[in-house]
Amino acid sequence: MRFSKTKAIVLSAVVTLLCVGLLVAATFALFTDTATTNVHLRAGTLDATLARTNLSGWQLDEDGQFVEFTEEEDVDLTNPTTTPVFRMENVAPTMYQVAEFTVGNNGSVAFDYSVSIDTVAAEGSASEALRDRLQITVTPSVTSEGISAKTFMLKDYAEQGQNIPLGTLIADTVEETNPTSTFTIRVEFTAGEPGEESSVFAGAEVTFNIVVDAVQVTAE
């Protein structure tokens, strides 16, 4: 018999005059225990966690100038929160930010995990213009066959930004540690043609979801 289990963690991001992250986490009960006359089968549990452990890139300072920054504060994203994921305010061409995420396994089963970009919204010509210039790069901490960095334009998310594999996270039931792994997502407002009018992007707002899926490793 083959068992499977998934857990999805969804981050909503806004790239505009403001970039905000909103997490919606879903927790599911795994298999129910089954008992016979003298055999008790107990299913393992899938318990994935997610945190933003670093944010770096460019942002506006209090004088309205772009400056480089690094923020190493851990932000727990496992449970619903309105804590920002990115801070992209008054974006300009070539501006970028990189968020590092840490996935943890607090359960007793190993799982494969992946990330998808979903639910992209851009209303109006200015927002569509901004969407078409935003580039996403997803980079896993360890590369192997079938697992590598992937770069695509946000407008192509439906074809290129789905179920990007990031690796497998084991469960350590012997030492009772909580294994972790990391990945990064970079958002960049790519450069345009010389002489481009900045007014094209006035009032633009683009929103999208970052969905992290954990799927229990099962016997084939």
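Below or above, wherever it landed, is the structure these notes cover. (Residues numbered from 1 in each chain as written. Predicted model: local features only at pLDDT ≥ 70, side-chain atom pairs only at ≥ 80, totals over all residues. Heavy atoms only, no water.)

Looking now at the overall build of the protein. Along its length, the protein carries two helices and 14 strands. For the protein, the proportion of its 220 residues judged to be buried stands at 41%. For the protein, the computed accessible surface area is about 11700 Å², with 49% contributed by carbon and sulfur atoms. (Helix = DSSP H or I, 4+ residues; strand = E, 2+ residues; numbered from the N terminus. Buried < 20%, exposed > 50% of the residue type's maximum accessible area, 1.4 Å probe, protein only. Areas by Shrake-Rupley, 256 points an atom, 1.4 Å probe, with all protein chains shown as cover.)

All right, on to the packing of aromatic side chains then. Following the criterion strictly, the structure yields three aromatic pairs and no others. With centroids separated by 6.4 Å and ring planes inclined at 80°, the aromatic side chains of Phe111 and Tyr113 adopt a geometry described as edge-to-face. Pairing Phe189 with Phe201 gives two aromatic rings, centres 5.1 Å apart and planes at 80°, and the pair type is edge-to-face. Pair noted here: Phe189 is in strand β13 (residues 180-189) and Phe201 is in the loop between β13 and β14 (206-216), with a separation of 12 residues, a long-range link. The class for Phe189 is buried, based on a relative accessible area of 2%. Geometry around Tyr96 places Arg186 over its ring, the cationic atom sitting 3.9 Å from the centre. (Phe/Tyr/Trp six-rings, centres within 6.5 Å; stacked < 30°, edge-to-face > 60°. Lys NZ or Arg CZ within 6 Å of the ring centre and 35° of its normal.)

Before going further, it helps to spend a moment on the environment of Val103. With respect to the element layout, Val103 can be found in strand β8 (residues 96-105). Separated by 52 residues in sequence, Val103 and Ala51 place their C-alpha atoms 6.7 Å apart. When neighbours within four sequence positions are excluded, Val103 is seen to be in contact with Thr49, Leu50, Phe111, Tyr113, Leu169, Pro179, Thr180, Ser181 and Phe183. (Contact = heavy atoms within 4.5 Å.)

Moving on to unusual backbone geometry. With a phi close to 80°, Thr94 is a non-glycine residue in the positive phi region. Summarising the element assignment, Thr94 is placed in the loop between β7 (75-76) and β8. The phi torsion at Thr119 lies on the positive side, around 50°, for a residue other than glycine. Its place among the elements puts Thr119 in strand β9 (residues 111-122). Classification of Thr119 by relative accessible area gives partly exposed; the value is 45%.

Within the fold, Arg52 resides in strand β5 (residues 48-60). Judged by its relative accessible area of 2%, Arg52 falls in the buried class. A polar contact of 2.6 Å, which involves the side chain of Arg52, links it to the side chain of Glu71. (Polar contact = N/O pair within 3.5 Å; in protein donor to acceptor, adjacent residues only side chain to side chain.)

Looking now at the environment of Pro140. For Pro140, the location among the structural elements is in strand β10 (residues 134-140). Spatially, the C-alpha atoms of Pro140 and Thr182 are 6.7 Å apart, while their sequence positions differ by 42 residues. Setting aside its immediate chain neighbours within four residues, Pro140 contacts Ile147, Ser148, Ala149, Leu166, Thr182 and Phe183.

On a regular strand, one side chain projects to one face of the sheet and the next to the other, so that they alternate. Pairing of β9 with strand β12 (residues 164-169) involves five bridges; the strand directions are antiparallel. When the bridges of β12 are listed, Ser114 appears paired with Pro165. One ladder, built from 10 bridges, connects β9 with β14; its direction is antiparallel. Bridged to Phe111 within β14 is Gln216. (Pairing = 2+ DSSP bridges.)

The next subject is the nonpolar core. By size, the foremost hydrophobic cluster in this structure holds 44 residues, and its most contacted members are Phe86, Val115, Ile136, Phe183 and Ile185. At the level of elements, β5, β8, β9, α1 (125-131), β10, β12, β13 and β14 are the ones that each hand at least two residues to this core. Take this core: its biggest share by element is six residues, from β9. Contact partners of Phe183, with chain neighbours within four places excluded, come to Leu50, Ala99, Glu100, Phe101, Val103, Tyr113, Val115, Thr139, Pro140, Ser141, Leu166 and Val212. (Core = buried A, V, L, I, M, F, W, Y, C linked by side-chain atoms within 4.5 Å.)

Everything listed is a geometric property; what it means functionally is a separate question.
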